[in-house]
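Residues per chain are reported as follows:
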Amino acid sequence: MGFARGDCYRVTADNRTRDYTFVKKLAGGSLIFLDESTGRPERIEEAQFAKWIKENAAAQQLSSNWVDRIDIHALMDATLPDTPLETKKRIERAQEKVAEGLMYRYYARTFDEKGDVSKSTDGLNEFIEKTYGKACRADHFRKPSASGLSRALRRSVPHERDLADLISKQGAHSKRVWKDPWVKPKLNEAVEHFYQEGNPKPPELQEAVFLFLGQAVEEDRARRARGEEGLEYPKRTAVENYIRDQETRERLARRDPIKALQRYGARASGATAEFPLQLVQVDQTQVDEWIPIYDEDGNVEDRKRPYLVSIVDVYSRILLAAILTFEKPSTLTVQLAIKQMLRPKIFLIERFGVRKGATDGYGQPKKMLFDNGVENIGVSMRALLGDAGIDMDAAPKATPQAKAIVESGFNTYNKGIWHKAPGGIPYKPHVLAARRLKPEEKADWALRFAEGVMWHWIVNVHHLSRNRTLEAVPVRMWSKISDPMVGRSVSKRLDLVDIICGTRLRLRIDRNGVFYENHVFHHPDVTEDFLIATVPKEGRSGRGKVKVEAIIYKWDCSHIVIVDHVRKRFVRLPNSKPRFAEGLSYAEADLIKASDRRLDKHFVDEEELILAKYEYYKLIDNARAMDRAERAIRQAKRAAKKEARQEELVIWNLVEGDHIEIGSIEPTVQGTASYDVQQEMPAMVRKAPQILHKDQPRGAQKARETRELNKQVKQLRNLAAPPAVPPPSIPGPQRSSRWMLPIIESPDSFLDALADDLD
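As a starting point, this report considers the structure included with it.

Reading the values: rules and limits
Residues numbered from 1 in each chain as written. Predicted model: local features only at pLDDT ≥ 70, side-chain atom pairs only at ≥ 80, totals over all residues. Heavy atoms only, no water. Buried < 20%, exposed > 50% of the residue type's maximum accessible area, 1.4 Å probe, protein only. Helix = DSSP H or I, 4+ residues; strand = E, 2+ residues; numbered from the N terminus. Pairing = 2+ DSSP bridges. Axes fitted to C-alpha atoms, helices over the stretch in contact; angles between N-to-C directions. Patch = residues over 30% accessible without salt bridge, like charges linked within 9 Å, V, L, I, M, F, W, Y side chains within 5 Å. Areas by Shrake-Rupley, 256 points an atom, 1.4 Å probe, with all protein chains shown as cover. Salt bridge = Lys/Arg side-chain N within 4 Å of Asp/Glu carboxyl O.

With that out of the way, let us pick up the pairing of strand β18 (residues 556-564). Of all nine residues in β18, nine are buried; the element is thus mostly enclosed. In this sheet, β18 lies alongside strand β17 (residues 545-553) in antiparallel orientation, the contact comprising three bridges. When the bridges of β18 are listed, tyrosine 553 appears paired with aspartate 556. The sheet contact formed by β18 and strand β19 (residues 569-574) spans six bridges and is antiparallel. Counted as the bridge partner of valine 563 is phenylalanine 570 from β19. What sits between the antiparallel neighbours β18 and β19 is a turn of four residues, in which lysine 568 has the positive phi angle 55°.

Okay, structure coming up:
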């Protein structure tokens, strides 16, 4: 049987229930799982696990959360350097599935808008042919089949069409049909219970689901008590999907008239909203103010006009986000504004207090209207954020009236703040030239100071002043957010928003954490827990480091997020230094480090440090020189002693009556000779230059015996040899005996002697 890494199974065996995540398969057939309760790997035989699956003791888990149901590789970038080939293929496959799901969602939503399209094969084929041209203009070039579109319509909820329900899932089972006559009427009762009017608030979905499940459990137990066959009824997720599928305009109108009007009814023209956070508008512009840029000494290096990213609530005109930055309009600036909108503004509450709700502008809107610019979030990312609960739309090109509220807000901010500030631009360029005005020369507000002034005006003036178009005070209109019928929708997946808005990189992690931009991101328990499950599969290189996909936030150096492929989750690693855990950007952290270095230089003069190091190195050199001199003196003394020993003469002073005995001895290393003679004596009396023989070599006894034997043999041969006959004297001049030839007087005697010698 096949297992994919990261598959999660719930095993009920041995009177306990555990969740296991598959890690890898060993060569011998054993399986390695990660025990979710202990966090440690556990080895299970494949045959045993197959038996558990067959007996329904091991069931594969599927989360109902959309981010868990979407492959995390769909959010990654396959073009990053050093991306493994296997990971790149996973990313491409996951993104292809997302693109296919987006295509099916486009056709499904168009099908819902038509309302009168037949679901037969011919009707769907005709609908696809008519919609294909419009879909191509929306960048959906693939044409679906009638059967595929039919399956997409059945899998997703009408007029919602969540992307997670439309992404292809291998191994998914088809919907079951419950034939027991008891099930269908009870399901209809749960549907009517959910889609009721309610007082003061309609019931939640889980209330209707458990109402059905409780009755089903009671019926099943009653049947078994009577000895009958048990009841087969749908489980929790199936009941939820069935109730969502039964939504109609009339049912939704009873439960939530406003939502029914949004989903099924015609909307009024223009930007209107009926409650806070129903619709917000997003835009960015360059403000009418010059801001100086100071260097480290307080001198002005340059002057620029910053950009303002603004998010305004259409219903109350409350400013939900305002980002003042030198960055040009980009995806980063929009992401910063979205993050500020979704979170409570603690920095305003700490500075101004509650202020009648003027500092309470935050929450998750129903819909966001963006400018149609290249700097805004891409289509795929907007689709994923939409499934997270933030529905995004782009205004048509060349239609500023589509986002007139946020555009009008920019004009209000310019008149209320920037035109009155030093360095403000109160007139058009030609008027400034005619009046010979140069506002950039008078600019002296730093960026952070200008941002503080801006929020002071927004909280104390703009939010508390009556809006002529709205004909009400923005804070009073915003107070409707506390109405239980309206409520504030707060994103429960802020971490998901952060992940989607981050920058993907491939970094290295080891037991000391992740190193990036001179920062170390590490937590002992989190890092160890991640490595236990990840190291066995990932390839290692360079002293045990493992490559991982990381998500970096340029505006926040307090943490990074790494991808856990085994558990299919995102792991948050904090900055190891608490001083950078306050949400500073990487640029601000670098400035702090540079400032620390400058303070160190001012505290300790550079010339003073140079002189201190110079004195230290001189001290070290003097110590080394003294050591070298002492070593040379010691070597000279040893050489002198050695030379004196070599030239030492032994002079014997003899007097009358001295007894001299001449002999030779062989001293040993141990000095255990049988005679009582000092070991040094032979060295004093010897005259030969050879090195002393301090001990007998190996085999010396045998060699000595052999020499004695050879001497005896030689003596015997000399005794056996005939006496030599002296040659007769030859008269004449004396010649050398070396060149004299032997004279044979008797051949017979010579031959006899030669024969005896040969014998």
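Our focus in this paragraph is the pairing of strand β11 (residues 367-370). A two-sided burial pattern is seen for β11, the buried positions comprising Lys367 and Leu369 on one face and Met368 and Phe370 on the other. When strand β6 (residues 279-286) meets β11, the two strands line up parallel, connected through three bridges. For leucine 279, the partnering residue across the bridge sits in β11 and is lysine 367. Here β11 pairs with strand β12 (residues 391-394) via four bridges, running parallel. Its bridge partner being in β12, phenylalanine 370 is matched across the sheet by alanine 394.

Okay, the sheet that holds strand β3 (residues 30-35) next. Hydrogen bonds between backbone groups are what pair the strands of a sheet, and the pairing can be parallel or antiparallel. The sheet built from five strands is open, its strands ordered β4-β3-β2-β1-β5 with antiparallel pairing. Strands with a single pairing partner mark the edges of an open sheet, and in this sheet they are β4 (41-45) and β5 (58-60). Here the strands of the sheet are splayed against their neighbours by 40° on average, with no regard to which way each runs. Taken together, the five bridges between strand β2 (residues 16-25) and β3 define a ladder with antiparallel strand orientation. Residue pairing in the sheet places lysine 24 in a bridge with isoleucine 32 of β3.

On the surface, a cluster of nonpolar side chains totalling about 320 Å² of accessible area is made up of Phe603, Val604 and Leu609. Residue position: valine 604 is located in the loop between α21 (586-603) and α22 (606-647). We classify valine 604 as partly exposed; its relative accessible area is 35%.

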